[in-house]
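Residue-level structure breakdown
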Amino acid sequence: MRRFVTWLAAALISFSSPVLADDHPVVVELFTSQGCSSCPPADAFLATLAERDDVIALALHVDYWDYIGWKDAFANPQFTKRQKAYAIAAHRRSVYTPQMIVNGVEHVVGNHPVDVEALIAKHAKGPEPVAMELTQQDGVLSISAHAEQALPGPLVVQLVRYEPMQKVEIRAGENAGRDLLYSNIVTEWHRLGDWDTRKPLELQARISGDDPVVVILQAPGPGPIIAAARLR
């Protein structure tokens, strides 16, 4: 795994003719909780990122603060597991909220906007070795992708859905008495399969509802996010 991630880092620097290099969005994952008193500023900052076309901002609500008096209605153990997997991949001993992960590799405190903006700018300038296109018709999502150069290992194809906005009245816990607005609340995160980049990707998935659709191509681990696309 370490060798694969090292190769990816080198590849992202060395490709001379990147595909859609000036147009690919940066994925920012916020691990947050309604029961966390330090999270509202990060939630508000994510709302500003959610308005941008060059960023795919995703709020993943974790469940490990539910015990302190308020159960987060958006919390999902799957998201706690994902955050812990990021920590293990980065050789970190603990997880916390609010935390943002930028493009699968950068770990930063979620209520430090200056640091997050710098990381977004850094990744926005990088090349994109994979081009991806999404189309939707009659409840069927079609995913097409090809790699400019085959990667040494498969990429995980992930389908994400999110609710753009919801207001919540917090009645207990550390944020008791506050009405908080949440943006880009992740409601679904599915692994569709693995993609061998030596061949073009052609994949379909049935979807329902009007919530935005995001597809993420990511190195296992979870590791670097190589490409992402969205339909709104």
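Up top is the structure.
Figured I'd write up the structure that's included with this text. Within each chain, residues carry numbers counting from 1 in the order of the written sequence. Given that this is a predicted model, residues contribute local features only at a pLDDT of at least 70 and side-chain atom pairs are listed and counted only at 80 or more, while totals for whole chains, interfaces and linings are drawn from all residues. Note that water and hydrogens are dropped before the side-chain values are worked out from all heavy atoms of the structure.

Comments concerning unusual backbone geometry
Residue proline 98 follows threonine 97 across a cis peptide bond; omega there is -5°. The helix count covers DSSP runs of H or I at least four residues long, the strand count covers runs of E at least two residues long, and both are numbered beginning at the N terminus. Structurally, proline 98 is set in the loop between α3 (77–89) and β3 (99–102). The backbone phi angle of histidine 91 is positive, close to 60°, even though this residue is not glycine. Phi at asparagine 184 is positive, roughly 50°, even though this residue is not glycine. Following the sequence through the fold, asparagine 184 ends up in strand β8 (residues 179–195).

With respect to the nonpolar core
Formed by 20 residues in total, the largest nonpolar core has its most connected members in Val130, Met132, Leu141, Ile143, Trp195, Val215 and Leu217. When residues of this core are traced back to their parent elements, those giving at least two are β5 (130–137), β6 (140–147), β7 (155–169), β10 (213–218) and β11 (225–231). For this core, the element with the highest residue contribution is β6, accounting for four residues. Within this scheme, the nonpolar core is defined by two criteria: the residues are buried Ala, Val, Leu, Ile, Met, Phe, Trp, Tyr or Cys, and they are joined through side-chain atoms within 4.5 Å. Each residue gets one of three labels from its accessible area relative to the maximum for its type: buried under 20%, exposed over 50%, partly exposed in between, using a 1.4 Å probe on protein chains only.

Here's the deal with helix α2 (residues 40–50)
Residues of α2 that are buried: Pro40, Ala42, Asp43, Phe45, Leu46, Leu49 and Ala50. Check the buried side of α2 and you find it contacts β1 (26–32), β2 (55–61), β3, α4 (113–124) and β8. We call two residues in contact when some of their heavy atoms are within 4.5 Å.

Brief notes about the pattern of salt bridges
Each salt bridge in this description consists of a side-chain nitrogen of Lys or Arg and a carboxyl oxygen of Asp or Glu lying within 4 Å of one another. Applying the stated criterion to the full structure yields nine salt bridges. The partner of glutamate 169 in a salt bridge is arginine 171, with the nearest N and O atoms 3.6 Å apart. Exposure remark for glutamate 169: the relative accessible area of 46% places this residue in the partly exposed category. One salt bridge in this structure joins aspartate 194 and arginine 191, with 2.7 Å as the shortest N-O distance. Exposure remark for aspartate 194: the relative accessible area of 47% places this residue in the partly exposed category. Since its relative accessible area comes to 55%, arginine 191 is described here as exposed. Each of Arg52, Asp54 and Glu117 takes part in a single network of salt bridges with overlapping partners.

Let's talk about the pairing of β1
With seven of its seven residues buried, β1 lies for the most part within the structure. Of the two faces of β1, both are covered, the one formed by Val26, Val28, Leu30 and Thr32 as well as the one formed by Val27, Glu29 and Phe31. Each pair of strands is called paired provided DSSP finds at least two bridges between the two strands. With seven bridges connecting them, β1 and β2 associate as parallel partners. Following the sheet pairing, valine 27 is matched in β2 by isoleucine 56.

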